[in-house]
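Close look at the chain arrangement
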Amino acid sequence: ASAQTDTPSIQTGPLVKRNISITELGLTDGAYMGSLGGTQTFYFPISRGVHISSGTLSFAYDEAGPFDGRRSVLVTVGNRAVFTRALPVGHDRQTVDVPLTAPDLTGDFVKVTVQYSGVVTNERCVDARLANDGFTVLPETTLALNVVGDSLNQVSSVLDLMPQKV
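Bear in mind the structure is a predicted one, so any value in this text is a computation, not a measurement.

On to the nonpolar core, then. Side chains of nonpolar character tend, in soluble globular proteins, to be buried together. Judged by nonpolar contacts, the single largest core of 31 residues is most densely connected at Phe59 and Phe135. Each residue touching Phe59, except ones within four places of it in the same chain, is listed here: Val73, Val75, Phe83, Gln94, Thr95, Val96, Val114, Phe135, Val137 and Thr141.

Put into structure tokens, the structure is as follows:
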């Protein structure tokens, strides 16, 4: 008789892709921060009842600075800094893809906070009403999720992941 080894097989099944943009969260024009700074937090809903194999935050922004000075943006997921950048003088528009970790994708939502620090300079006095700097989180900012299809075995889990408007 031949010996058989019992090796557990892990069935992950097909992946179901789900993209949640900030327009789905009600921010159809994006989120603007000006007057030398601001903070905006986004709560992307996810379902505890499903297994999310991976996720990516596609962070799209448009910013403008009128003169030389120190400006920056910091993006956190939960309490973890995932993106930080010193911003150039002038105008810049970019999309940055940030891979997320398993701990980022647990719970009922993914909390993403964007902190913009506007023009700071030692050389000139800046009137906050006229600073003319700004930072916009664009509407195409999206949380992309890869959900293991086999974990969508409860109607409530499927409904949690569906867009509000179908």
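On to the side chain of Asn146, then. With respect to the element layout, Asn146 can be found in strand β10 (residues 142-148). Of the residues examined, Asn146 reaches a relative accessible area of 17% and is grouped as buried. Among the polar contacts listed, one links the side chain of Asn146 to the side chain of Ser54, at a separation of 2.8 Å. Apart from residues lying up to four places away in sequence, Asn146 is in contact with Leu15, Val16, Lys17, His51, Ile52, Ser53 and Ser54.

When pLDDT is averaged along the chain, the result is 80; 71% of the residues meet or exceed 70. For the chain, the element scoring lowest by mean pLDDT is helix α1 (residues 155-161), at 61; strand β6 (residues 80-86) scores highest, at 94. Residue range residues 1-11 is modelled with pLDDT below 50. Its contacts to residues more than four positions away, or to other chains, number one contact.

For the rest of this paragraph, the subject is the pattern of salt bridges. In total, this model carries five salt bridges according to the counting rule given. Between Arg18 and Glu24 there is a salt bridge; the shortest N-O distance is 2.5 Å. Classification of Glu24 as partly exposed rests on a relative accessible area of 29%. Two residues, Arg93 and Glu140, come together in a salt bridge whose shortest N-O distance is 3.6 Å. Residue Arg93 is located in strand β7 (residues 90-100), and its partner Glu140 is located in the loop between β9 (134-137) and β10; the two are separated by 47 residues in the primary sequence.

Next up on the list: the packing of aromatic side chains. Inspection of the entire model under this criterion finds seven aromatic pairs. Taking 5.1 Å as the distance between ring centres and 80° as the angle between the ring planes, the aromatic pair formed by Tyr43 and Phe109 counts as edge-to-face. Taken together, the residues Tyr43 in strand β3 (residues 37-45) and Phe109 in strand β8 (residues 109-120) connect sequence positions 66 residues apart. When its relative accessible area of 40% is taken as the criterion, Phe109 is described as partly exposed. With a centroid separation of 5.2 Å and an interplanar angle of 20°, the aromatic rings of Tyr61 and Phe135 are classed as stacked. In this pair, Tyr61 sits in strand β4 (residues 52-65) while Phe135 sits in strand β9, placing the two residues 74 residues apart along the sequence. Take Tyr61 and Phe135: they sit in the same class, and that class is buried. Here a set of aromatic residues connected by ring pairs shows up, and it is made of Phe59, Tyr61, Phe83, Tyr116 and Phe135.

Definitions and cut-offs
Residues numbered from 1 in each chain as written. Predicted model: local features only at pLDDT ≥ 70, side-chain atom pairs only at ≥ 80, totals over all residues. Heavy atoms only, no water. Core = buried A, V, L, I, M, F, W, Y, C linked by side-chain atoms within 4.5 Å. Buried < 20%, exposed > 50% of the residue type's maximum accessible area, 1.4 Å probe, protein only. Contact = heavy atoms within 4.5 Å. Helix = DSSP H or I, 4+ residues; strand = E, 2+ residues; numbered from the N terminus. Polar contact = N/O pair within 3.5 Å; in protein donor to acceptor, adjacent residues only side chain to side chain. pLDDT = per-residue confidence, 0-100. Salt bridge = Lys/Arg side-chain N within 4 Å of Asp/Glu carboxyl O. Phe/Tyr/Trp six-rings, centres within 6.5 Å; stacked < 30°, edge-to-face > 60°.

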